[in-house]
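# Residue-level structural notes
Here are the chains, one letter per residue:
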Amino acid sequence: MRYAPALICNLLCITAGLKGQSLSQVDSAVNAFMRHYHVPGMAIAVTRHGKLVYAKGYGYADTSRKTPVTVNSLFRMASVSKTITATAILKLVENGKLSLDATVFCDPGVLGTRYGHPPYSSYLTEITIRQLLQHTAGGWTNNGADPMFSHPEMTAAQLISWTIDHQPLENPPGTVYAYSNFGYCILGRVIEKVSGMPYAAYVKKAVLQPCGIRGMQIGGNTLAQRKAGEVVYYGQHGEHPYIYNITRMDAHGGWIASATDLARLLVRIDGFPAPQDILTAASVSKMTTGSPANPGYAMGWAVNPYHNWWHSGSLPGTASEIIRSHQGFTWSMLCNTRTDSSFFNDLDGLLWKAVNNPQTPWPAGY
């Protein structure tokens, strides 16, 4: 597939190209949000018709050292990682290496009997790739019993085996929507099995590199494991931001990225004519069509009837969201803290006023 080297080059040069530009409609909204919710640092990037039109860092990446956030600062993405994993799965489908309707466990499932101890339940053997992508596999939901937040000493393989053996599915696959971090962890192992490569290595080769992304990577677990250029995370209301095994979350919540990394990705999977997407139009349509169990969630994207797509992410010390609007905009927002539900409602609505206002003086873009 042909890529757009001019766009990649221009996006890589955004720090110089957008330096000093300011949009009061955006800056005032962001600054008010940060003051209200005590957000130490935040970064945003906005594209319009495939071009980057605004990118800016606000506040501090490290409050103790007064290190400012820049457009290149790396933040945990949390569940925005699911969009990346879904894109990688669809690349394998396009290449004829995988079917969305392939079963996952037991022969002839993709993972066979690699995990857990057969005989498996009938529900388990019915699970398909499509159902994992759509959170309709039948259970393992994101609640107090979410497997991904238990047994931090286990590897992903050990955790999958333990969960299969000890947490049976509650519903027939395909019948009920239940948002599942664990399901996307399994998809990461599917990618490894089918590609013959470690999960992150395949994603970098098949998804990130064609988009011109070099800095995106799997994050560490502790403050001492912070990557070069990564922000410090800050908890609120007694929450500790370094308590989870982030590295093990790889396929459902482990990536770190800059807002401009995400801009590079979004313009290549947004379904708009230019620049050319890294997925076919048929794949983008599948990725953004909801399931019968939940028309509002597709494959790594939440969707609505107005042709807007989005995904948010949340971990202690982390809030993120990517949005694709039908008007030709995409934007990414990354924060190094989180708080209550109203925080996420306001984050979701933060830039819509500027995007919906035809008088907003967006730069020409790069």
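Conventions adopted
- Residue numbering note: each chain is counted from 1, following its sequence as written.
- In view of the model being predicted, local features appear only for residues whose pLDDT reaches at least 70, and side-chain atom pairs are presented and counted only at 80 or more, with totals across whole chains, interfaces and linings using the full set of residues.
- Values shown for side chains rest on all heavy atoms present in the structure; no hydrogens or waters enter the calculation.
- When two rings of Phe, Tyr or Trp (its six-membered ring) have centres within 6.5 Å they constitute a pair, described as stacked for plane angles under 30 degrees, edge-to-face for angles over 60, and tilted for the intermediate range.
- What counts as a helix is a DSSP run of H or I of at least four residues, what counts as a strand is a run of E of at least two, and both are numbered from the N terminus.
- Burial here depends on accessible area, computed with a 1.4 Å probe over protein chains only, as a share of the maximum for the residue type. Under 20% is buried, over 50% is exposed, and the range in between is partly exposed.
- Charge over a ring is defined by NZ of Lys or CZ of Arg lying within 6 Å of the ring centre and within 35 degrees of the ring normal.
- Note on pairing: two strands pair once DSSP finds at least 2 bridges between them.
- We call two residues in contact when some of their heavy atoms are within 4.5 Å.
- Think of each axis as a best-fit line through the C-alpha atoms, taken over the contacting stretch in the case of a helix, with angles from 0 to 180 degrees between the N-to-C directions.
- Predictor confidence is given residue by residue as pLDDT, running from a minimum of 0 to a maximum of 100.

## Overview of the packing of aromatic side chains
- Counted by the stated rule, this structure contains 14 aromatic pairs.
- Taken together, a centroid distance of 6.3 Å and an interplanar angle of 70 degrees make the contact between Phe-105 and Tyr-120 edge-to-face. Here Tyr-120 lies in the loop between α4 (81-94) and α5 (122-126) and Phe-105 lies in the loop between α4 and α5, a separation of 15 residues in the sequence. Here the two residues Phe-105 and Tyr-120 agree in accessibility, since each one is buried.
- Among the aromatic residues, ring-to-ring pairing joins Phe-33, Tyr-37, Phe-343 and Phe-344 into one connected group.
- Sitting above the plane of the Tyr-60 ring, Lys-66 keeps its charged end 5.1 Å from the centroid.
- The cationic tip of Lys-82 hangs over the ring face of Tyr-184; the distance from NZ or CZ to the ring centre is 5.9 Å.

## Looking at the sheet that holds strand β1 (residues 41-48)
- Strand order in the open sheet formed by seven strands is β3-β2-β1-β10-β9-β8-β7, with antiparallel pairing between adjacent strands. Each edge of the sheet is formed by a strand with only one pairing partner; in this case those strands are β3 (67-68) and β7 (302-303).
- One ladder, built from two bridges, connects β7 with strand β8 (residues 309-315); its direction is antiparallel. Looking across to β8, one finds that Ala-302 is bridged to Trp-310.
- Seen against the sheet, helix α13 (residues 341-348) touches β1, β8, β9 (318-324) and β10 (329-335) and runs at an angle of roughly 30 degrees to β9.

## Let's talk about unusual backbone geometry
- Of note, the bond from Asp-107 into Pro-108 is cis; its omega dihedral lies within 30 degrees of zero at 10 degrees.
- By the secondary structure assignment, Pro-108 is in the loop between α4 and α5.
- Cis rather than trans, the peptide bond between Pro-118 and Pro-119 has omega equal to 5 degrees.
- Within the secondary structure layout, Pro-119 lies in the loop between α4 and α5.

## A closer look at the pairing of β9
- Judged by how many residues are buried, β9 sits mostly within the fold: seven of seven residues are covered.
- The two faces of β9 match: Thr-318, Ser-320, Ile-322 and Arg-324 on one face and Ala-319, Glu-321 and Ile-323 on the other face are all buried.
- Taken together, the seven bridges between β8 and β9 define a ladder with antiparallel strand orientation. Residue pairing for β9: Ser-314 is matched across the bridge by Ala-319.
- Where β9 meets β10, six bridges bridge the pair, whose relative direction is antiparallel. Bridge pairing in β10 links Glu-321 to Met-333.
- The turn linking β9 back onto β10 is made up of four residues, and Gly-328 within it adopts a positive phi angle of 100 degrees.

## With respect to the confidence of the model for the protein
- Of the residues in the protein, 94% reach a pLDDT of 70 or more, and the chain-wide mean stands at 94.
- In the model, residues 1-19 has pLDDT below 50 throughout and makes 38 contacts with residues more than four positions away in sequence or in other chains.

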